Amino acid sequence: MDTDPETRKSIAKRALDRARARGTPIDEDPAFVALLDEWISGSIDMKQMRDCYLDILALKEAELRGRLARRQARSEPDEI
C-alpha cells in the first residue's frame, strides 16, 4: 500500500477510534505508537510494523515470565 502520510494518518485514526469504541484502546502502548508513527510517515510498511510489534510483545512476555520464575524461586523453601 503506497499512500501518502495524510491518508495513512486518517486510516490509523479510524482504526484507533474503532478499537476505542469497542473498549479496547490500542494506542496506550508507547512501542505501538512509535511503530504507528513510522508507518504513517512511510518509513516501514504494515508487515514490518506487525513483525516488530510481535517481537516487542514476545520480549515483554519473556521478561514477565523471567520475573515470575525468579519470584517463585525466591518463595520456595530451601531444601535441607
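Residues numbered from 1 in each chain as written. Predicted model: local features only at pLDDT ≥ 70, side-chain atom pairs only at ≥ 80, totals over all residues. Heavy atoms only, no water.

1. Observations concerning a positive patch on the surface
Cut-off, in case you're wondering: Distance thresholds for patches are 9 Å for like charges and 5 Å for nonpolar side chains (Val, Leu, Ile, Met, Phe, Trp, Tyr), applied to residues having over 30% relative accessible area and no salt bridge. Accessible surface is estimated by sampling points in the Shrake-Rupley manner with a 1.4 Å probe; for residues, cover comes only from the protein chains shown. Salt bridges are identified by distance alone: a Lys or Arg side-chain nitrogen within 4 Å of an Asp or Glu carboxyl oxygen. Two residue types count as positive, namely Lys and Arg, and two as negative, namely Asp and Glu; His and chain ends fall outside the count. By convention, the charge on Lys lies at NZ, on Arg at CZ, on Asp at CG and on Glu at CD. Only DSSP runs of H or I covering at least 4 residues are called helices, and only runs of E covering at least 2 are called strands; the numbering of each starts at the N terminus. Note on exposure labels: buried denotes an accessible area under 20% of the residue type's maximum, exposed denotes more than 50%, and partly exposed covers the range between, all computed with a 1.4 Å probe on protein chains only.
Judged by side-chain charge, R67, R70, R71 and R74 come together as a positively charged surface patch. As for its placement among the helices and strands, R70 is situated in helix α3 (residues 46-75). With relative accessibility at 48%, the residue R70 sits in the partly exposed group.

2. Looking at the packing of helix α2 (residues 30-41) against α3
To keep things clear, this is the line we draw: Axis definition: a line fitted to C-alpha atoms, over the contacting stretch in the case of helices. Angles run 0 to 180 degrees between N-to-C directions. Relative orientations are named as follows: roughly parallel for angles under 35 degrees, roughly antiparallel for angles over 145 degrees, roughly perpendicular for angles from 65 to 115 degrees, and oblique for any other angle. With the far helix as reference, a near helix turned anticlockwise by less than a right angle produces a left-handed crossing, and one turned clockwise produces a right-handed crossing. The contact criterion used throughout is that any non-hydrogen atoms of two residues lie within 4.5 Å. Under the scheme applied here, ten amino acids are nonpolar (Ala, Val, Leu, Ile, Met, Phe, Trp, Tyr, Cys and Pro), four are charged (Asp, Glu, Lys and Arg), and all others, including Gly, are polar.
Between α2 and α3, whose axes approach to 10 Å, the crossing angle comes to 165°. By the angle class used here, α2 and α3 are roughly antiparallel. Here the hand of the crossing between α2 and α3 comes out right-handed. The segment α2 lies against α3, with A31, F32, L35, L36 and W39 engaging M46, M49, C52, Y53 and I56. For the contact of α2 with α3, the class distribution of residues is 10 nonpolar, no polar and no charged.

3. Digging into the nonpolar core
Here is the rule: The criterion is simple. A nonpolar core is a set of buried Ala, Val, Leu, Ile, Met, Phe, Trp, Tyr and Cys residues joined through side-chain atoms within 4.5 Å.
One finds A12, L16, F32, L35, L36, W39, I40, I44, M49 and Y53 forming the largest nonpolar core, which totals 10 residues. Of all the elements in the fold, those that place two or more residues in this core are α1 (5-21), α2 and α3. The element contributing the most residues to this core is α2, with 5 residues. Discounting residues that sit within four places of it in the chain, A12 has contacts with L36, W39 and I40.

4. Description of the packing of α1 against α2
Running from amino to carboxyl end, α1 crosses α2 at an angle of 145°, the nearest separation of the two axes being 8 Å. In this structure, α1 uses P5, R8, K9, I11, A12 and L16 to contact α2, whose residues at the interface are F32, L36, W39, I40 and S41.

5. What to know about the pattern of salt bridges
Counting across every chain of the model gives 7 salt bridges. Here D29 and K60 are joined by a salt bridge, their closest N and O atoms 3.2 Å apart. Remark: K60 occurs in helix α3 and D29 occurs in the loop between α1 and α2; sequence separation between them is 31 residues. One network of salt bridges, with partners in common, ties together K13, D17, R20 and D27.

6. Some remarks on the packing of aromatic side chains
Between two aromatic rings, the relevant description is the distance of the centres plus the angle of the planes. How we decide: Pairing of aromatic rings covers Phe, Tyr and Trp, the last through its six-membered ring, and needs centres within 6.5 Å; plane angles under 30 degrees mean stacked, over 60 mean edge-to-face, and all others mean tilted.
Evaluation of the coordinates by the stated rule reveals 1 aromatic pair. Between F32 and Y53, the aromatic rings sit 5.4 Å apart at their centres with planes inclined by 70°, giving edge-to-face as the arrangement. Placement of the pair is F32 in helix α2 and Y53 in helix α3, with a sequence separation of 21 residues.

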